[in-house]
Amino acid sequence: MARKVEDKNRKLFTEAKRYLVGGVNSPVRSFNSVGSEPLVIQRARAARLYDYNGRSYVDYVLSWGSAILGHAQPQVIKSIKQSLDSGLSFGTTNAAEVQLAKEIVKA
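Thresholds, definitions, all that
Residues numbered from 1 in each chain as written. Predicted model: local features only at pLDDT ≥ 70, side-chain atom pairs only at ≥ 80, totals over all residues. Heavy atoms only, no water. Helix = DSSP H or I, 4+ residues; strand = E, 2+ residues; numbered from the N terminus. Buried < 20%, exposed > 50% of the residue type's maximum accessible area, 1.4 Å probe, protein only. Contact = heavy atoms within 4.5 Å. Areas by Shrake-Rupley, 256 points an atom, 1.4 Å probe, with all protein chains shown as cover. Pairing = 2+ DSSP bridges. Axes fitted to C-alpha atoms, helices over the stretch in contact; angles between N-to-C directions. Polar contact = N/O pair within 3.5 Å; in protein donor to acceptor, adjacent residues only side chain to side chain. Patch = residues over 30% accessible without salt bridge, like charges linked within 9 Å, V, L, I, M, F, W, Y side chains within 5 Å. Salt bridge = Lys/Arg side-chain N within 4 Å of Asp/Glu carboxyl O. Expected span 1.5 Å × (residues − 1). Phe/Tyr/Trp six-rings, centres within 6.5 Å; stacked < 30°, edge-to-face > 60°. Lys NZ or Arg CZ within 6 Å of the ring centre and 35° of its normal.

### Here we look at the overall build of the protein chain
Logical step 1: What the protein chain contains, in helices and strands, is three helices and three strands.
Logical step 2: Moving toward the C terminus, one meets the helices and strands of the protein chain in the order α-β-β-β-α-α.
Logical step 3: Split into buried and exposed, the 107 residues of the protein chain put 15% on the buried side.
Logical step 4: Pairs at least 24 apart in sequence give 33% of the contacts found in the protein chain among residues at least 6 apart.
Logical step 5: By element, 57% of the accessible surface of the protein chain is carried by carbon and sulfur atoms, the whole surface being about 9000 Å².

### What about the sheet that holds strand β1 (residues 41-45)?
Logical step 1: The sheet built from three strands is open, its strands ordered β1-β2-β3 with antiparallel pairing. Each end of this open sheet is capped by a strand with a single partner; those strands are β1 and β3 (56-58). Mean inter-strand twist for the sheet, computed between neighbouring axes without regard to direction, equals 30 degrees.
Logical step 2: The pairing of strand β2 (residues 48-51) with β3 spans three bridges and is antiparallel. Among the inter-strand pairings, Arg 48 is bridged to a residue of β3, identified as Val 58.

### Observations regarding the side chain of Asp 59
Logical step 1: Mapped onto the elements of the fold, Asp 59 is located in the loop between β3 and α2 (74-84).
Logical step 2: Using a relative accessible area of 8% as the deciding quantity, one classes Asp 59 as buried.
Logical step 3: Reaching out from Asp 59, the side chain makes a polar contact with the backbone nitrogen of Val 61 at a distance of 2.9 Å.
Logical step 4: Separated by 2.9 Å, the side chain of Asp 59 and the backbone nitrogen of Leu 62 make a polar contact.
Logical step 5: Aside from chain neighbours lying at most four places away, what touches Asp 59 is Ala 47, Arg 48, Leu 49 and His 71.

### Concerning a nonpolar patch on the surface
Logical step 1: Together, Ile 68, Leu 69, Val 76, Ile 77, Ile 80, Leu 84 and Leu 88 give the surface a local cluster of nonpolar side chains, amounting to about 690 Å² of exposed area.
Logical step 2: By secondary structure assignment, the location of Val 76 is in helix α2.

### Things to note about helix α1 (residues 8-19)
Logical step 1: Between its first and last C-alpha, α1 extends 17 Å over twelve residues, near the 16 Å set by a 1.5 Å rise per residue.
Logical step 2: Among the structural elements, β2 are those in contact with the buried residues of α1.
Logical step 3: Of the residues flanking the start of α1, the one acting as N-cap is Asp 7, its side-chain oxygen 3.2 Å from the backbone nitrogen of Asn 9.

### Things to note about the packing of aromatic side chains
Logical step 1: In total, this model carries zero aromatic pairs according to the counting rule given.
Logical step 2: A cation over an aromatic ring shows up here: Arg 43 above the ring of Tyr 50, its NZ or CZ 4.0 Å from the ring centre.

Structure (structure tokens):
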């Protein structure tokens, strides 16, 4: 007799519905009107997402643009790690945000 494989995605989504409206952290991704359960993602690398059941998906959304270089891109991770030593967020003007503003204006 074949052993039924545990659906880790469904188990986590069921728990998420106890704590998050619609079981998701964004109403945009509420699947109530779609008629299916949302993807439950464990990790991402480059342009691929991986669910808790081990399935892989091409990520065409890329976090709505914030992951445009892909997930866990090595140079981005390196830069983030270097920046962490200075702090995460200051709530006041700093050189990094001025540099970012310059790049945005230039673009």
